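This is what each chain is made of:
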Amino acid sequence: MKILVTGGNGQLGTELRNLAGLYPELEFIFTDIQELDITNQDQVEPYLKDIKPNWILNCAAYTAVDKAELERAIAMKVNCDAPTLLATLGRELGIGMMHVSTDYVFDGTNHLPYKEFDQVNPQSAYGESKLKGEVEVLRNRGIVIRTSWLYSAYGNNFVKTMLRLGKEKESIGVIFDQIGTPTWAHDLAKAMISMVIKIGIKTDSYSGIYHFSNEGVCSWYDFSRKIMQLSGSPCQVNPIETADYPLPAPRPAYSVLNKKKIKETFKIEIPHWEQSLIKCLNLLLKDKKI
Ligand SMILES: NC(=O)c1ccc[n+]([C@@H]2O[C@H](COP(=O)([O-])OP(=O)(O)OC[C@H]3O[C@@H](n4cnc5c(N)ncnc54)[C@H](OP(=O)(O)O)[C@@H]3O)[C@@H](O)[C@H]2O)c1
């Protein structure tokens with residue numbers, strides 16, 4: 001099977017790239033904006049017709065959550081219009097579309113882990129653009145995987161920021177009243193490949209929404225404390241409230257995802273977030289990527 005990865009230089013795209021060699025039966029083609037700008041219809045259509053992949057794994061996105069409040073149009077173009085184009089062409093050309101979305105489609109008022117068909121109500125421009133993208137991908141019989149708090153050894157993310165602050169500061173304040181689950185992009189990438197292998201070329205047979213994060217639950221404060229502890233930083237982490245750390249884009253106070261559907265459908269085993277954090281930190285500290 002031939003698999004086209006878009007946004008291949010991002011966190012998730014890079015993790016897929018790292019795993020690709022373990023699956024010689026799959027032919028991966030990695031692109032990022034330089035090779036394939038997913039917002040450019042004149043480029044995307046001939047590219048897909050030429051390459052003829054079985055699957056598109058869309059890892060390309062506009063992910064600057066706060067900046068999106070000021071750049072709504074760009075966020076919509078990348079997170080809604082472009083996936084719509086990929087999914088529409090995919091349906092026409094018989095290419096499966098696996099698209100990645102976010103816990104920020106929820107408003108965070110739940111007290112139980114969110115299921116796939118729980119009420120959505122995005123509170124930010126980013127969340128709204130991702131939700132609109134989801135709707136179009138589903139309309140074209142694609143797969144939408146919602147994930148949360150993604151981190152990896154690549155790009156910018158919370159873990160890398162904490163490691164840096166852990167070296168620079170004696171103490172920091174981290175929000176304790178937002179609850180969710182971190183996701184190591186490596187684990188998500190593995191899950192996506194398992195799904196592709198299980199579904200094969202009958203690409204629209206599992207169309208729908210699936211939730212994926214690591215197992216377990218924590219606040220950003222708990223997550224930060226664990227990062228400091230595991231990396232041996234003496235930096236003191238103090239709990240602060242969301243109100244004490246105002247940001248342009250509101251975040252859901254609670255966005256734990258229920259993963260029963262993806263686990264049962266694809267027989268995927270998901271590691272606890274602490275277990276995956278240890279693995280990612282080992283890579284970061286060993287390779288001195290921080
Ligand atoms: N990061 C999180 O905490 C988080 C949480 C929940 C869900 N998600 C979702 O998970 C997915 C993967 O996130 P990520 O953290 O891996 O994202 P990322 O690191 O920001 O990677 C996105 C990639 O897409 C590229 N890109 C942007 N516009 C493009 C275009 N027009 N054409 C082709 N490529 C383009 C980016 O290039 P540039 O860097 O040059 O812009 C970047 O390489 C996204 O759908 C995101 O919404 C992320």
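Every value quoted in this text rests on a predicted model; they were computed, and no experiment measured them. (Residues numbered from 1 in each chain as written. Predicted model: local features only at pLDDT ≥ 70, side-chain atom pairs only at ≥ 80, totals over all residues. Heavy atoms only, no water.)

**Q** What is the right way to look at the packing of helix H2 (residues 41–51) against helix H3 (residues 72–93) in this model?
**A** Geometry of a packed helix pair, given as the angle between the helix axes and the separation of the axes. Where H2 meets H3, the closest approach of the two axes is 11 Å, and the angle between their N-to-C directions is 30 degrees. Accordingly, the angle class assigned to the pair H2 and H3 is roughly parallel. Once H2 is placed against H3, the crossing between them reads as right-handed. Contact residues: Gln41, Val44, Glu45, Leu48 and Lys49 in H2; Leu85, Leu86, Leu89 and Leu93 in H3. Residues of the contact of H2 with H3, tallied by class, amount to 6 nonpolar, 1 polar and 2 charged. (Axes fitted to C-alpha atoms, helices over the stretch in contact; angles between N-to-C directions. Helix = DSSP H or I, 4+ residues; strand = E, 2+ residues; numbered from the N terminus. Parallel < 35°, antiparallel > 145°, perpendicular 65-115°, else oblique. Left-handed = near helix turned anticlockwise from the far one by under 90°. Contact = heavy atoms within 4.5 Å. Nonpolar A, V, L, I, M, F, W, Y, C, P; charged D, E, K, R; others polar.)

**Q** Sorry, what's going on with the environment of leucine 16 here?
**A** Topologically, leucine 16 is positioned in helix H1 (residues 11–20). Separated by 171 residues in the primary sequence, leucine 16 and aspartate 187 place their C-alpha atoms 9.8 Å from one another.

**Q** So what exactly am I meant to see when it comes to the site of the ligand here?
**A** Inspection of the region around the ligand gives 24 residues, with Asp32, Asp37, Thr63, Tyr126 and Lys130 positioned closest. Between the ligand and isoleucine 38 there is a distance of 3.1 Å, counted from a nitrogen atom to a backbone nitrogen or oxygen. Within the backbone of leucine 150, one N or O atom sits 3.1 Å away from an oxygen atom of the ligand. Mapped by element, the contributors of at least two residues to the shell around the ligand are H1, strand E4 (96–102) and helix H4 (125–139). Split by residue class, the shell around the ligand holds 12 nonpolar, 9 polar and 3 charged. (Near = heavy atom within 4 Å. Polar contact = N/O pair within 3.5 Å; in protein donor to acceptor, adjacent residues only side chain to side chain.)

**Q** For this particular structure, what's the right way to read the packing of H1 against helix H6 (residues 185–199)?
**A** Between H1 and H6, whose axes approach to 8 Å, the crossing angle comes to 60 degrees. Every pair of crossing elements has a handedness; the one defined by H1 and H6 is right-handed. Only Ala185, His186, Leu188, Ala189, Lys190, Met192 and Ile193 of H6 make contact with H1, whose side of the interface consists of Gln11, Leu12, Glu15, Leu16 and Leu19. For the contact of H1 with H6, a count of residues per class yields 8 nonpolar, 2 polar and 2 charged.

**Q** What should I look at first to understand the sheet that holds strand E1 (residues 2–6) in this one?
**A** Strands belonging to one sheet form pairs held by backbone hydrogen bonds; the direction of such a pair is parallel or antiparallel. Pairing is parallel across the open sheet formed by 6 strands, whose spatial order is E2-E1-E3-E4-E5-E10. Pairing within the sheet leaves two strands with one partner each, and these edge strands are strand E2 (27–30) and strand E10 (208–211). Looking at each pair of strands side by side, their axes are set apart by 20 degrees on average, direction ignored. Where E1 lies against strand E3 (residues 55–58), 4 bridges are found, and the strand directions are parallel. What sits directly across from threonine 6, in E3, is asparagine 58. Contacting E1, E2 and E3, H2 crosses the sheet at an angle of about 155 degrees to E1. Sitting on the sheet, H6 is in contact with E1, E2, E3, E4, strand E5 (143–147) and E10, with an inclination near 160 degrees to E5. (Pairing = 2+ DSSP bridges.)

**Q** Quick question: what am I supposed to make of the packing of aromatic side chains here?
**A** Any pair of aromatic rings gets described here by the distance separating the centres and the angle formed by the planes. Throughout the structure, instances matching the rule amount to 13 aromatic pairs. Taking 5.2 Å as the distance between ring centres and 20 degrees as the angle between the ring planes, the aromatic pair formed by phenylalanine 158 and phenylalanine 223 counts as stacked. A residue pair is termed long-range when its members are at least 10 positions apart, and phenylalanine 158 in helix H5 (residues 158–168) and phenylalanine 223 in helix H7 (residues 220–231) qualify at 65 residues. Like phenylalanine 223, phenylalanine 158 is buried. By way of ring pairs, the aromatic residues Trp149, Tyr151, Phe158, Trp220, Phe223 and Trp273 are connected into one cluster. (Phe/Tyr/Trp six-rings, centres within 6.5 Å; stacked < 30°, edge-to-face > 60°. Buried < 20%, exposed > 50% of the residue type's maximum accessible area, 1.4 Å probe, protein only.)

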